[in-house]
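Topology and contacts: notes
So you can see what is in the structure, the chains are spelled out below.
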Amino acid sequence: MSDETYPGDLHYHPEHDWVRVDGDEATFGVTWFAQDALGEVVYYDPPAVGDSVTAGQSYGELESVKAVSDIIAPACGEVIAVNDAVSDTPELVNNDPYGAGWLIKVRLSTASELGALMDEPAYRQYLAGLAG
Amino acid sequence: MTDLQRTSLFGAHVAAGAKIVPFAGWEMPVEYKGVRAEHLAVRSTCGLFDVSHMGQIDVTGHGAREFLQSILTNDITRIGPGQAQYTLLSDDNGGVIDDLLAYALLDRFLLVVNASNIAPCVERVTSLAPDGVTVINRSPDVAMLALQGPTWARALTPIASPEPFSLPYMEATEATVAGVACLVARTGYTGEPGVEIMCPAEAAPAIWDALMTVAEAPVPAGLAARDTLRLEVGYPLYGNELGHDRSPISAGLKWACDLKHGGFPGAERMQREAAEGTSDRMVAIVLTEKGIPRGGCAVMADGQQVGTVTSGTFSPSLGVGAALAYVSPDHAHVGAKLSIDVRGKEKSAEVTSLPMVDTSPRKEHHS
């Protein structure tokens, strides 16, 4: 398991997904909070390259021994790469959620919707509110 | 919502970094470092579980044996003092009130029942008890630890007297563990060799702490690992594979029902089902592609539903999705090709033999 971190260069969705933007492409994954809540990930059911993903909707599933979790897309786009390493070694999501544990890369359809996401301080505040 | 109870080991769980969840009215550790590591530790070395939430019911008095023979499915006259027996408490229709271990001890019979069924078991046994037989629910005062895995004796020997490892499987003895007078039984719910240790609730932390400081200390293991371990060896879980809606026969528990003598509630139905067959049977299934079956998933063959998953998980030992399911007899043979509908995706699967993993005694290490 990794230490609790929330990198400053990412955008965050309330369903505990992150997006790293690089021009009109982006990388998606789940946050430290998400993997900690799920526990040790043992299965990743990814979308296919070429699939469309819609902000706020599920594009795949992560499963621990005990539970299934939908993975929510933080933005709209077309899948251009799937992290096969996570399919083979799902615990990468636990060990390195922002690095080797990335889930998909997409070509963004509209960059403007990223404005609806949280930056790191806002996401940390949001998590503090959940802990209530 | 009712207040959740805590076992006397709650502090030990928190100190060990447990994730705590509500379970059957208790706050219990579901996992510590991770379910997979805990599961594999129990298969290869040993793990320690707090199962103090389970129930202990004493049955004493003249005629206690005859009384239990009349309400439990197995033949309790086959066990003598110091022996344990897997048996079931059946309802009047042949459904299952609980599955349990019955112990014959020198001064009493002891029934160890599931945490979620303490009240129904106490009520059932009490309501049927004849004059002269006393039923006492000792659950609140008794803690239970399960030390499970091939190196269990190496962990227990330094703190136990007399040394318990010559005890045969399914037998129990009084012993002193970490200075505490205990009942130590060669029983468990993992398929591995090991013991279950019953002691006064307030004394359990001393035993837990002592086991954690021996040279070959067990790994603290939570309810999640307990569930994956029992699933791999096909032990039914009440509420999943067993309940009021079916008799023990379709669960493959004919061996725990004394159908020759009968006489217990629902015996006629079980005798009939054993002779004529049941409409479905419990089987173990493994997925032959990636995916994880879950309870409630439909089991399919040739496009038709032929059964339902009752317990499903990722098998840490096999590295694949695994399930217990009830399927129609036509598809219940080992090797039968099936598929499981996992949230709309059909995953190919196959009926496999039980246990799914090697739990043979040769794995056991005594010294």
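Note that the structure is predicted; figures quoted are calculated from it, not measured.

Looking at the environment of W255 of chain B
All names here are of chain B. By the element assignment, W255 lies in the loop between α7 (223-232) and α8 (267-276). Residue classification places W255 among the exposed positions, given a relative accessible area of 57%. Ignoring any residue separated from it by four or fewer positions in sequence, one finds W255 in contact with N74 and Y86.

Let's talk about the domain arrangement of chain B
Residue and element names in this part refer to chain B. Domain boundaries assigned for chain B yield domain 1 (5-51 + 140-231) and domain 2 (279-357). Measuring from the centre of the C-alpha atoms in domain 1 to the corresponding centre in domain 2 gives 31 Å. Each partner contributes residues to the interface: domain 1 has seven residues there, and domain 2 has 11 residues. For domain 1, the biggest contributors to the area lost against domain 2 are R36, T228 and L231; these three give 60% of the whole. Summed over the shared surface of domain 1 and domain 2, the result is zero salt bridges. Where domain 1 meets domain 2, there are two residue pairs in polar contact (both at pLDDT 80 or more). Sorting the residues of the side of domain 1 that touches domain 2 by element identifies α2 (35-44) and α7 as the ones contributing at least two each. Residue contributions to the side of domain 1 that touches domain 2 peak at four residues, all from α2. Class assignment for the residues of the side of domain 1 that touches domain 2 results in two nonpolar, two polar and three charged.

Comments concerning the interface of chain B and chain A
Contacts between chain B and chain A engage 18 residues on the former and 18 residues on the latter. Between chain B and chain A, roughly 1400 Å² of surface is buried when both sides are summed, and carbon and sulfur atoms account for 44% of that area. Counting every contact that joins chain B to chain A gives eight salt bridges. Elements supplying a minimum of two residues to the side of chain B that touches chain A: α2, α7, β18 (304-315) and β21 (345-352) of chain B. For the side of chain B that touches chain A, the per-class residue count stands at five nonpolar, four polar and nine charged.

Considering the pattern of salt bridges
Per the counting criterion, the structure on display carries 25 salt bridges over all chains. Put simply, R6 of chain B and E27 of chain B hold a salt bridge, and the shortest N to O gap is 2.7 Å. Highlighted residues: R6 of chain B in strand β1 (residues 5-6) and E27 of chain B in strand β3 (residues 26-31), separated in sequence by 21 residues. As a salt-bridge pair, R269 of chain B and E273 of chain B come within 2.9 Å of each other at their nearest N and O atoms. Taken together, the residues R269 of chain B and E273 of chain B, both in helix α8 and four residues apart, mark about one turn of the helix. Look at the salt bridges and you will find they share partners, linking E61 and E63 of chain A together with R294 and R343 of chain B into a network.

Conventions and cut-offs
- Residues numbered from 1 in each chain as written.
- Chains lettered and ligands numbered in written order.
- Predicted model: local features only at pLDDT ≥ 70, side-chain atom pairs only at ≥ 80, totals over all residues.
- Heavy atoms only, no water.
- Helix = DSSP H or I, 4+ residues; strand = E, 2+ residues; numbered from the N terminus.
- Buried < 20%, exposed > 50% of the residue type's maximum accessible area, 1.4 Å probe, protein only.
- Contact = heavy atoms within 4.5 Å.
- Domains from an automatic or database assignment.
- Buried area = accessible area lost by both parts, 1.4 Å probe.
- Salt bridge = Lys/Arg side-chain N within 4 Å of Asp/Glu carboxyl O.
- Polar contact = N/O pair within 3.5 Å; in protein donor to acceptor, adjacent residues only side chain to side chain.
- Nonpolar A, V, L, I, M, F, W, Y, C, P; charged D, E, K, R; others polar.

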